[in-house]
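What the coordinates show
Now for the letters of each chain:
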Amino acid sequence: MKKKKWIRIVLPTAMMFSILLFHNDKTEGICKQIEVSNVQANTKAQVQAANTVPTTAQTEDVHTQAGKAYAKIIKRYLDAYELAQKDAYDFDKIEDDGINLEFVSAARSSKEMVYRVMDYNQDSTPELFLGLRMQESSGFIYDVYTFDAGKAVQLMEGIGYRAGTCSFCKNNIINDSWSNSAAKGGVTFHKMPKDKKELIDFVVLIHDYESGAGVFTKKVNGRVKTIDQAEYDRIYNKYDKPVKITFYKADQKAIKKMKNGKFAYSGQKKWRMNT
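The following refers to the structure shown. In this text, all values refer to a predicted model and were calculated from it rather than measured experimentally.

What follows covers the overall build of the protein. If you tally the helices and strands in the protein, you get 6 helices and 13 strands. Burial analysis of the protein (275 residues in total) assigns 39% to the buried set. Considering only residue pairs separated by 6 or more positions, the protein has 47% of its internal contacts joining residues 24 or more positions apart. Of the accessible surface of the protein, which amounts to about 16900 Å², a share of 50% is contributed by carbon and sulfur atoms.

Here the focus is the state of the cysteines. Scanning all chains against the criterion turns up 0 disulfides. In this model C166 remains outside any disulfide bridge; the closest cysteine sulfur is found in C169, 9.9 Å from its own. On the basis of relative accessibility, which here comes to 10%, the residue C166 falls in the buried class. What makes C169 buried here is its relative accessible area of 1%.

This part covers the pairing of strand β7 (residues 164-169). Where β7 lies against strand β8 (residues 173-179), 6 bridges are found, and the strand directions are antiparallel. Looking across to β8, one finds that C169 is bridged to I173. What sits between the antiparallel neighbours β7 and β8 is a turn of 3 residues, in which N171 has the positive phi angle 65 degrees.

What follows concerns the environment of I255. Residue placement: I255 occurs in helix α6 (residues 252-259). Between the C-alpha atom of I255 and that of K75, which follows or precedes it by 180 residues, the distance is 6.8 Å. Discounting chain neighbours no more than four positions away, the residues touching I255 are A71, I74, K75 and L78.

Each pocket or cavity is described by its volume, and for the second largest pocket that value is around 230 Å³. S138, G139, S167, V243 and F247 are, among the 14 residues lining the second largest pocket, the residues nearest its centre. Among the elements that make up the lining of the second largest pocket, the one with the highest residue count is β7 (3 residues). Broken down by class, the residue content of the lining of the second largest pocket amounts to 7 nonpolar, 5 polar and 2 charged.

What follows deals with the pattern of salt bridges. Evaluation of the coordinates by the stated rule reveals 5 salt bridges. Close ionic contact of R108 with D87 constitutes a salt bridge, the shortest N to O distance being 3.4 Å. You can see R108 sitting in the loop between α4 (101-107) and β3 (112-118) and its partner D87 sitting in the loop between α2 (56-85) and α3 (94-97), a full 21 residues away along the chain. Taking relative accessible area as the criterion, R108 reaches 52% and is therefore assigned exposed.

Scoring rules and cut-offs
- Here the residue numbering is sequential within each chain, running from 1 through the sequence in written order.
- Per-residue local features of the predicted model are confined to residues with pLDDT of at least 70, and side-chain atom pairs are confined, for both listing and counting, to 80 or more; whole-chain, interface and lining totals are unaffected and use all residues.
- Excluded from the side-chain calculations are hydrogens and water; all other atoms, namely the structure's heavy atoms, are used.
- Numbering of helices and strands starts at the N terminus; helices are DSSP runs of H or I of at least 4 residues and strands are runs of E of at least 2.
- Only protein chains enter the area calculation, which uses a 1.4 Å probe; residues under 20% of their type maximum are buried, those over 50% are exposed, and those in between are partly exposed.
- Residues count as neighbours in contact if any of their non-hydrogen atoms are within 4.5 Å of one another.
- The Shrake-Rupley method, run with a 1.4 Å probe sphere, supplies the accessible areas, and residue values consider only the shown protein chains as cover.
- The disulfide definition used here is simple: a pair of cysteine sulfur atoms within 2.5 Å.
- Here a strand pair is declared whenever DSSP counts at least two bridges between the two strands.
- Lining residues are those with an atom within 4 Å of a point, where the points come from a 1 Å grid over the protein atoms alone and group into cavities, where a 1.4 Å probe fits but cannot get out, or pockets, open sets with protein on both sides within 12 Å along at least five of seven lines.
- Grid points are joined across faces, edges and corners, and a volume is the space filled by probe spheres set on the points.
- Throughout, the ten residues Ala, Val, Leu, Ile, Met, Phe, Trp, Tyr, Cys and Pro are labelled nonpolar, Asp, Glu, Lys and Arg are labelled charged, and all others, Gly among them, are labelled polar.
- A pairing counts as a salt bridge when a side-chain nitrogen of Lys or Arg comes within 4 Å of a carboxyl oxygen of Asp or Glu.

This is how it looks when you write it as C-alpha cells:
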C-alpha cells in the first residue's frame, strides 16, 4: 500500500481558505485544472479592467488636463487679439504663434473675442471653440480643438468670417460654409462621431456660377457627382438644422478657471451639449 502524502492547494486569496487532497493520479489532474482555472480567471479580470469605463476621478483628471491645454490656447489667441485691436500684431509671427490669419484680420472690427467649451459629441471629452463676436452675430468660429492622448488636437483650420462660417447643427453635425470667390463656394458638413477624436467630412456641396449658369456638385466618400439645384438645396436643408450655442467672453478669468479644469462657473453655467 502506497503511503499517502498530503499536499496543500491554495485557492485565490479572495476565497481566503485552502483545502487538503490525497496525492494520487486524480489529484494531479485536479491541481492542473485549478491552476488553469486560476490563469483563466486572472486573464478575464485583466480584460474586464481594460474595458472598464473611466471613473469619475479619471474623467475629472482628463478635464483638468484639457483645461490646462485649452487655457494656453486661449491665452495665445487673446494676446494676439489684444495686439490686433491696437493694430500692433506682427503678421510675420502668425505661423509660429499658431493663430488663424482670418482671426487676426477680423479682430479690429469685432466686438470681443469669445470661446465655448462643450462636449460636442458627448463622449465626456470637452471640445474648445474659439471665435469673435461681431456686431451682428453671437460668434464666428475661427479654431476648434479636442483633447486626446494628453494634448490638444486641432480639428479644423482655415475657417472664419471671411473664409467662411461655421454653424452647429443637430446630430453632432457642423456646417462649414466657405467661398473661393463671389461666384464659387460651397459647404462641407462635418460629422463628429461619439468616441472619435476627428471630424469626418461626409458631404461636400459645391456651387459654381463662374460660367453664368449654375453648376452644382456633391462629393460623398470621395466620389463627385453633378446634381441640379433642387438636389443641392434638398441635401443642404436635410443637414442644416442649426443649434443655438451661447459663446462666452474670453478673458483672464476664463483662463484662470480653465487651468483648474473648471468649464462651468459664474458667467458660464453650462458646458455640456444636449441636442
